[in-house]
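Notes for the structure review
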Amino acid sequence: MKALVAVKRVIDYNVKIRVKADKTGVETANVKMSMNPFDEIAVEEALRLREAGIVSEIIAVSLGVAQCQETIRTALAMGADRGVLVQTDAELQPLAVAKLLKAVIVQENPEIVIIGKQAIDDDCNQTGQMLSALLGWPQATFASKVKISDGHAEVTREVDGGLETVSIKLPAVITTDLRLNEPRYASLPNIMRAKKKPIATTTPEALGVDVAPRLAVLKVEEPPKREGGHKVGSVAELIDKLKTEARVI
Ligand code: AMP
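Residues numbered from 1 in each chain as written. Predicted model: local features only at pLDDT ≥ 70, side-chain atom pairs only at ≥ 80, totals over all residues. Heavy atoms only, no water.

With that settled, the discussion passes to the overall build of the protein chain. Each helix and strand in the protein chain was counted, giving seven helices and 11 strands. The C-alpha extent of the protein chain, read off along each of the three principal axes, is 65 × 45 × 40 Å. The long-range share in the protein chain, meaning contacts at least 24 apart out of those at least 6 apart in sequence, stands at 70%. Mean positive and mean negative side-chain charge positions of the protein chain (33 and 33 charges, respectively) differ by 2 Å. (Helix = DSSP H or I, 4+ residues; strand = E, 2+ residues; numbered from the N terminus. Contact = heavy atoms within 4.5 Å. Lys, Arg positive; Asp, Glu negative; His and termini not counted. Charge placed at Lys NZ, Arg CZ, Asp CG, Glu CD.)

Right, dumping it as structure tokens:
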């Protein structure tokens with residue numbers, strides 16, 4: 001069976017994000033970009049399914065600017081077989097991403113689609129859910145364990161206060177949570193090998209998808225600076241401060 005994974009190019013999780021002076025977004029110029037961490041987990045899970053003999057081919061798909069090629073190369077260096085780049089300079093919101101992924105999925109016919117539960121740049125947590133609705137496929141989001149057998153996926157999901165296990169029929173969409181696995185590093189020989197793996201390039205126009213934004217970002221602001229804490233001398237002083245300063249009791 002074929003597995004398709006989505007890999008988004010995002011600001012590296014170690015970078016301290018700076019909001020643009022005009023508050024229209026965050027600075028991306030000269031900022032280190034990497035694969036979205038949840039997508040690394042998606043690639044790793046597909047690799048483990050291939051190593052278990054369940055998956056035969058892994059296709060890594062990225063959508064966005066030409067540099068998304070590098071993100072696909074990272075997936076190929078981890079072990080994915082080939083890539084698809086849907087190239088556009090347009091801003092892509094989750095609905096547009098879901099429609100584009102659907103168009104690629106219709107062409108590629110994977111039986112399992114594994115993507116991140118959320119992208120750490122926009123924190124939307126929408127694409128997997130929208131994609132499953134557009135495809136009419138079952139979904140299992142926030143997966144922390146995946147077991148495939150008999151045309152079904154048994155997925156353990158992280159829910160508030162515990163774990164839930166669901167069984168869904170393939171083909172299906174699975175979104176990854178942090179505890180699903182620990183992604184491998186690409187070895188040097190695999191990085192070299194990845195340079196020869198094929199990446200097909202297409203565009204939203206070629207796929208017949210309208211990617212016009214449906215939402216407008218009004219403004220982006222930094223969270224308020226945290227003020228330093230201080231020690232109180234007694235319980236009475238604490239109660240007083242909670243009443244008069246914090247006004248929470
Ligand atoms: P979001 O709904 O934006 O939080 O994204 C959830 C997941 O959708 C990400 O972890 C990726 O797997 C996938 N995704 C979103 N945008 C893109 C993109 N431009 N290219 C590839 N995958 C994407």
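Let us keep going from here.
Under the criterion given, the structure shown has 18 salt bridges. Residue Glu108 is joined to Lys2 by a salt bridge in which the shortest nitrogen-to-oxygen separation is 3.2 Å. Taken together, the residues span a long stretch of sequence, with Glu108 in helix 3 (residues 94-108) and Lys2 in strand 1 (residues 2-6) at a distance of 106 residues. Judged by relative accessible area, Lys2 falls into the partly exposed class, the value being 23%. Across the pair Lys32 and Asp12 runs a salt bridge whose closest N-O atoms are separated by 3.3 Å. Of this pair, Lys32 sits in the loop between strand 2 (9-11) and strand 3 (33-35) while Asp12 sits in the loop between strand 2 and strand 3; the two residues are 20 residues apart in sequence, bridging distant segments of the chain. Residue classification places Lys32 among the exposed positions, given a relative accessible area of 53%. Residue classification places Asp12 among the buried residues on the basis of a relative accessible area of 7%. (Salt bridge = Lys/Arg side-chain N within 4 Å of Asp/Glu carboxyl O. Buried < 20%, exposed > 50% of the residue type's maximum accessible area, 1.4 Å probe, protein only.)

Turning our eyes to something else, we now look at the site of the ligand. Taken together, the neighbourhood of the ligand is formed by 18 residues, with Asp39, Leu63, Ala119, Asn125 and Thr127 sitting nearest. Between the ligand and Gly116, the relevant distance is 3.0 Å, taken from an oxygen atom to a main-chain nitrogen or oxygen of the residue. At a separation of 2.8 Å, an oxygen atom of the ligand approaches a polar backbone atom of Asn125. Contact with the protein chains removes 98% of the 490 Å² of surface that the ligand exposes when unbound. In a pocket analysis with a 2 Å cut-off to the grid points, the ligand is assigned to the largest pocket. Elements represented by at least two residues in the shell around the ligand include exactly strand 4 (57-64) and strand 6 (112-116). With three residues, the single largest contributor to the shell around the ligand is strand 4. (Near = heavy atom within 4 Å. Polar contact = N/O pair within 3.5 Å; in protein donor to acceptor, adjacent residues only side chain to side chain. Areas by Shrake-Rupley, 256 points an atom, 1.4 Å probe, with all protein chains shown as cover. 1 Å grid on protein atoms, 1.4 Å probe; cavity = no way out; pocket = protein on both sides within 12 Å on 5 of 7 lines; lining within 4 Å. Sits in = over half its atoms within 2 Å of the grid points.)

What follows covers the nonpolar core. In terms of nonpolar packing, the biggest core is built from 37 residues, with Val5, Val43, Ile112 and Ile174 touching the most fellow members. Among the elements of the structure, strand 1, helix 1 (37-51), strand 4, helix 2 (68-78), strand 6, strand 7 (139-149), strand 8 (152-159) and strand 10 (172-176) are those that each provide at least two residues to this core. Not counting residues within four places of it along the chain, the set of residues in contact with Ile112 comprises Met1, Lys2, Ala3, Leu4, Leu49, Val55, Ile148, Ala172 and Ile174. Membership of the second largest hydrophobic core comes to 25 residues, among which are Leu4, Val97, Ile105 and Val211. (Core = buried A, V, L, I, M, F, W, Y, C linked by side-chain atoms within 4.5 Å.)

This paragraph deals with the layout of surface pockets. By volume, the largest pocket is sized at about 1400 Å³. Around the largest pocket sit 50 residues that line it, and Lys8, Arg9, Leu92, Asp121 and Asp122 are the ones nearest its centre. Looking at the lining of the largest pocket, the elements with two or more residues in it are strand 2, strand 4, helix 3, strand 6 and helix 4 (127-135). With four residues, strand 4 is the largest single contributor of residues to the lining of the largest pocket. Partitioning the lining of the largest pocket into residue classes produces 26 nonpolar, 14 polar and 10 charged. Looking at the second largest pocket, its volume works out to about 500 Å³. Along its surface, the second largest pocket is lined by 20 residues, and Asp12, Ser34, Met35, Glu40 and Thr74 are the ones closest to its centre. Of all the secondary-structure elements, those providing two or more residues to the lining of the second largest pocket are strand 3, helix 1 and helix 2. By residue number, the principal contributor to the lining of the second largest pocket is helix 2, which donates four residues. (Points joined across faces, edges and corners; volume = space filled by probe spheres on them. Nonpolar A, V, L, I, M, F, W, Y, C, P; charged D, E, K, R; others polar.)

Our focus in this paragraph is the side chain of Thr141. Tracing the chain through its elements places Thr141 in strand 7. You can call Thr141 buried: its relative accessible area is 9%. Aside from chain neighbours lying at most four places away, what touches Thr141 is Gln129, Arg157 and Thr175.

Below, the discussion takes up the pairing of strand 9 (residues 162-169). Bridge analysis of strand 8 against strand 9 gives eight bridges, and the strand direction is antiparallel. Across the sheet, residue Ala153 finds its bridge partner in strand 9, namely Ile168. (Pairing = 2+ DSSP bridges.)

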